[in-house]
Amino acid sequence: MAVASTSLASQLSGPKSATSQYYPRFYGLRRSSSNLDNSLLSLSSPTLSPFQQFNSHLRLSSSSKKACRIVAMAGSGKFFVGGNWKCNGTKESISKLVSDLNSVKLEPDVDVVVAPPFIYINQVKNSLTDRIEISAQNSWIGKGGAFTGEISVEQLKDIGCKWVILGHSERRHVIGEDDQFIGKKAAYTLSQGLGVIACIGELLREREEGKTFDVCFQQMKAFADAVPSWDNVVIAYEPVWAIGTGKVATPQQAQEVHVAVRDWLKKNVSAEVASKTRIIYGGSVNGGNCAELAKEEDIDGFLVGGASLKGPEFATIVNAVTSKKVAA
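What counts as what
Residues numbered from 1 in each chain as written. Predicted model: local features only at pLDDT ≥ 70, side-chain atom pairs only at ≥ 80, totals over all residues. Heavy atoms only, no water. Helix = DSSP H or I, 4+ residues; strand = E, 2+ residues; numbered from the N terminus. Contact = heavy atoms within 4.5 Å. Areas by Shrake-Rupley, 256 points an atom, 1.4 Å probe, with all protein chains shown as cover. Buried < 20%, exposed > 50% of the residue type's maximum accessible area, 1.4 Å probe, protein only. Arc of directions from axis to C-beta. Expected span 1.5 Å × (residues − 1). Phe/Tyr/Trp six-rings, centres within 6.5 Å; stacked < 30°, edge-to-face > 60°. Salt bridge = Lys/Arg side-chain N within 4 Å of Asp/Glu carboxyl O. Axes fitted to C-alpha atoms, helices over the stretch in contact; angles between N-to-C directions. Parallel < 35°, antiparallel > 145°, perpendicular 65-115°, else oblique. Left-handed = near helix turned anticlockwise from the far one by under 90°.

1. Considering the overall build of the protein chain
Consideration 1: When helices and strands are tallied, the protein chain shows 14 helices and 10 strands.
Consideration 2: Within the protein chain, counting contacts between residues at least 6 apart in sequence, those at least 24 apart form 74% of the total.
Consideration 3: Total accessible area on the protein chain stands at roughly 14,400 Å², and carbon and sulfur atoms take up 52% of it.

2. Some remarks on helix α14 (residues 311-318)
Consideration 1: Looking at α14, one finds that the buried residues are Gly311, Phe314, Ala315, Ile317 and Val318. Here the buried residues of α14 occupy an arc of 160 degrees about the axis, which is enough to place them on one side.

3. What about helix α4 (residues 91-103)?
Consideration 1: Between its first and last C-alpha, α4 extends 19 Å over 13 residues, near the 18 Å set by a 1.5 Å rise per residue.
Consideration 2: Every buried residue of α4 is listed here: Ile94, Leu97, Val98, Asp100 and Leu101. For α4, the angular spread of the buried residues around the axis is 160 degrees, confining them to a single face. In α4, the exposed residues that point more than 90 degrees away from the buried face are Lys91, Glu92 and Ser103.
Consideration 3: Where the residues of α4 are buried, they touch β3 (110-115), α5 (121-127) and α14.

4. Remarks on the packing of aromatic side chains
Consideration 1: On inspection of all chains with the given rule, the structure shows seven aromatic pairs.
Consideration 2: When the ring of phenylalanine 213 is compared with that of phenylalanine 217, the centres are 5.6 Å apart and the planes differ by 15 degrees; the resulting orientation is stacked. Of this pair, phenylalanine 213 and phenylalanine 217 are both found in helix α10 (residues 212-226), four residues apart, which corresponds to roughly one turn of the helix. Judged on exposure class, the residue phenylalanine 213 and its partner phenylalanine 217 are both buried.
Consideration 3: By the ring-pair criterion, three or more aromatic residues cluster together here, those being Trp140, Phe147 and Phe181.

5. Side note on the pattern of salt bridges
Consideration 1: Tallied over the entire structure, the rule returns 15 salt bridges.
Consideration 2: As a salt-bridge pair, aspartate 298 and arginine 262 come within 2.5 Å of each other at their nearest N and O atoms. Pair noted here: aspartate 298 is in the loop between α13 (290-294) and β9 (301-304) and arginine 262 is in helix α11 (residues 251-268), with a separation of 36 residues, a long-range link. Considered together, aspartate 298 and arginine 262 belong to a single accessibility category, that of buried residues.
Consideration 3: In this structure, a network of salt bridges that share partners links the residues Arg171, Glu177 and Lys185.

6. What to know about unusual backbone geometry
Glycine aside, a negative phi is what most residues show, and trans is what most peptide bonds show.
Consideration 1: Phi is positive for lysine 86, which is not a glycine, with a value near 50 degrees.
Consideration 2: If you trace the backbone, lysine 86 turns up in the loop between β2 (79-84) and α4.
Consideration 3: Phi at serine 284 takes a positive value of approximately 60 degrees, unusual for a residue other than glycine.
Consideration 4: Here serine 284 lies in the loop between β8 (278-281) and α13.

7. So, the environment of serine 95
Consideration 1: Its place among the elements puts serine 95 in helix α4.
Consideration 2: Separated by 28 residues in sequence, serine 95 and glutamine 123 place their C-alpha atoms 8.2 Å apart.

8. With respect to the packing of α4 against α14
Consideration 1: The geometry of α4 relative to α14 is characterised by a closest axis approach of 8 Å and an angle of 40 degrees between their N-to-C directions. Considering the angle they form, α4 stands oblique to α14. Here the hand of the crossing between α4 and α14 comes out right-handed. In this structure, α4 uses Leu97, Asp100 and Leu101 to contact α14, whose residues at the interface are Gly311, Pro312 and Phe314.

As structure tokens, then:
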């Protein structure tokens, strides 16, 4: 366990680019002969825009509607924003956070979810507006029993949880959960009627070695091999080097992985699943960068860490959906 934790820390503190905020644009993707990968890698050319390269992928709506319409959103479901509170909070601080969330104005066309620590789920569920659903941060692989320290999906369902976050990088790289174990957790969670926020993402070392797609596709395959249906799954792409580090993938870096994951779903599951499944971005998302990220076509929302502990800022991130709207 200590070795895994040290390894993760070393990855997060590894070599950085010359820029203070971002890693090199379009850097660290798998080198292969596939048409998709070649088109993604060619985005590094300064003379070509992302939308020129992704012309075949653009799905901008041409239909006219009243007031505003959402454009540049590949997933056909609502924008989705989740707040992962991780191992943070006390009864007092969470009471304040819930009060702040109850008082903010949230755009109506967004699914909003928060994931408190297990011991505070009941407190949050009993005091938070019904506008926001409750998620757990983890669950056991099967039915409850003699599993000390674990929480079963049945117990989560019993207290009103609607979602479970599975495969988060901290579970993978600190706790040591592998792809197949996470896939089985997802399958069991879905079988009990809860939704899954399925996390994928590469370490800094893996990005620098050109393995971003390989890692993400391997993690996707473990989910695909196990889950009975994708109807209640949201995929969260979270590059590990951007989680809690203050480093954020550029909108183009995030978009290129999102479109690659959607293309993987199309080729390996179905075109319908690729169209319907929401792919959200996580990794130091905050009130200052959410609007630009939200403009990207294949970014269907966010999974938010630290900024979700601040009610007004979390509301700003939820309301970033307006970046996808234009006048009709």
